[in-house]
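Survey of secondary and tertiary structure
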Amino acid sequence: MYNITINKNTVYIDDIVSFEFISKDKIITFSFIIHKDVDFYCFSEILNLFTNFMIKKFKVIKLKIKKENVNKYYKSFYECMYYEYKEYLIRSVEAYRYLIDENAFDNKGFIINQSKLKIIPFKMFKTDKKGCGWIAVYNFLKIIHREKTIKEVSQNVSKYALFFGAIGQDIFTIFYYLRKNNINVFLTPIFKRQCIRDIKMSKAGIILYIHSRGSHYVAYKNLGNGKCLLYNVVYGKENHIMNIEEFYKKYSITPLGMLLFVNEV
């Protein structure tokens, strides 16, 4: 985990990276200095943390950086949804982001509180009641550095939901959506003991389990040694790390379960 601090117009991520910025009309122009060399994956996490910190703190509509200042980390910006425009890389903040209660998100922009998403439709229902499927997809895409907008994911995943969304989201439609987006995802049916086995060998994925109020989807990142970082299991809980056997023991009430996972990110 990284610590983030701000001093006037500079944001510090531990002693690894500092971001200097200027804010004007809700547009942030920034540059960065690397104090300790980091690989692509670490910098992607740091950039995502900085981007979402600025979104939360300043309610910005855009962040931009000159392409000449990006150096070898161009891919990190691309995977955090920055796009090229003239001499800049730009991240536009979608309107949906500010329609949603801030308490729905953690400090990296993952959705961790489904109950705060009443405003987002899910077919004939609302996301707070039926939308855990697309939320899990959204979080999973962020984990594997394939982030998309809330609007794109919520609309394009939920359009495959059966019976106008009355029974939620079918796992095979999520599998179809991910494969259609060129993500080499695998499916594990039917028992949770098989899911536990594959979670331990995977990098990240989406768990479908049955709890006392019905079925639920959550995204996870495998941290190794049987531990996972889980999103939207307990509404509003940040940095929810659990041993995967303990997760199933505590939250799953049947031996049944299904899993979508990737072996590489």
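This text goes with the structure placed above it.
Before going into details, it helps to say that this report is about the structure given with it. (Residues numbered from 1 in each chain as written. Predicted model: local features only at pLDDT ≥ 70, side-chain atom pairs only at ≥ 80, totals over all residues. Heavy atoms only, no water.)

**As for the packing of helix α5 (residues 132–143) against helix α6 (residues 150–158)**
In contact at an axis separation of 9 Å, α5 and α6 are set at 135° when each is read in the N-to-C sense. Here α5 is positioned oblique relative to α6, judged by the angle of their axes. Every pair of crossing elements has a handedness; the one defined by α5 and α6 is right-handed. The segment α5 lies against α6, with W134, V137, Y138 and L141 engaging I150, V153, S154 and V157. Counted by class, the contact of α5 with α6 contains 7 nonpolar, 1 polar and no charged residues. (Axes fitted to C-alpha atoms, helices over the stretch in contact; angles between N-to-C directions. Helix = DSSP H or I, 4+ residues; strand = E, 2+ residues; numbered from the N terminus. Parallel < 35°, antiparallel > 145°, perpendicular 65-115°, else oblique. Left-handed = near helix turned anticlockwise from the far one by under 90°. Contact = heavy atoms within 4.5 Å. Nonpolar A, V, L, I, M, F, W, Y, C, P; charged D, E, K, R; others polar.)

**Notes on the layout of surface pockets**
Looking at the largest pocket, its volume works out to about 500 Å³. Forming the boundary of the largest pocket are 21 residues, of which H211, R213, S215, H216 and Y235 lie nearest the centre. A per-element tally of the lining of the largest pocket places strand β12 (residues 214–224) first, with 4 residues. A class-by-class count of the residues in the lining of the largest pocket yields 9 nonpolar, 8 polar and 4 charged. Taken as a whole, the second largest pocket encloses approximately 370 Å³ of empty space. Along the walls of the second largest pocket sit 21 residues, with E45, K108, F110, K221 and Y231 positioned nearest its centre. Every element with two or more residues in the lining of the second largest pocket is listed here: α1 (40–58), α5, β12 and β13 (227–231). Here the element with the most residues in the lining of the second largest pocket is α1; it accounts for 3 residues. Here the lining of the second largest pocket is built from residues that sort into 9 nonpolar, 5 polar and 7 charged. (1 Å grid on protein atoms, 1.4 Å probe; cavity = no way out; pocket = protein on both sides within 12 Å on 5 of 7 lines; lining within 4 Å. Points joined across faces, edges and corners; volume = space filled by probe spheres on them.)

**A short note on the side chain of D106**
By the element assignment, D106 lies in the loop between α3 (95–99) and β8 (121–122). Of the side chains with opposite charge, K56 comes closest to the buried, unpaired D106, at an N-O distance of 6.5 Å. Engagement of the side chain of D106 in a polar contact is seen with the backbone nitrogen of K108, the distance being 2.9 Å. A distance of 3.0 Å separates a polar atom in the side chain of D106 from the backbone nitrogen of G109. Discounting chain neighbours no more than four positions away, the residues touching D106 are K56, I112, Y231 and E238. (Buried < 20%, exposed > 50% of the residue type's maximum accessible area, 1.4 Å probe, protein only. Lys, Arg positive; Asp, Glu negative; His and termini not counted. Salt bridge = Lys/Arg side-chain N within 4 Å of Asp/Glu carboxyl O. Polar contact = N/O pair within 3.5 Å; in protein donor to acceptor, adjacent residues only side chain to side chain.)

**Examining unusual backbone geometry**
With an omega dihedral of -25°, the bond running from P189 to I190 counts as a cis peptide bond. Relative to the elements of secondary structure, I190 occurs in the loop between β10 (186–188) and α8 (192–201).

**Quick word on the packing of α8 against helix α9 (residues 244–251)**
Angle between the axes and distance between the axes: these two values describe a pair of packed helices. The geometry of α8 relative to α9 is characterised by a closest axis approach of 10 Å and an angle of 150° between their N-to-C directions. Regarding the angle of α8 to α9, the classification is roughly antiparallel. Here α8 and α9 pass one another in a crossing that is right-handed. Side by side, α8 and α9 meet where K192, C195, I196, I199 and K200 of the first sit next to I244, E245 and Y248 of the second. Here the residues of the contact of α8 with α9 sort into 5 nonpolar, no polar and 3 charged.

**Examining the sheet that holds strand β7 (residues 88–92)**
Ordered by their spatial adjacency, 7 strands build an open sheet running β1-β2-β3-β4-β5-β7-β6, and the pairing between neighbours is mixed. The open sheet has two edge strands, β1 (4–7) and β6 (83–85), and neither has a second partner. Sheet twist, expressed as the average angle between the axes of neighbouring strands with direction ignored, equals 30°. Relative to strand β4 (residues 27–34), strand β3 (residues 17–24) runs antiparallel, the two sharing 8 bridges. What sits directly across from V17, in β4, is I34. Packing of α1 onto the sheet brings it into contact with β1, β2 (10–13), β3, β4, β5 (62–66) and β7, and relative to β3 it is tilted by some 30°. (Pairing = 2+ DSSP bridges.)

By themselves, these observations are geometric and do not establish any function.
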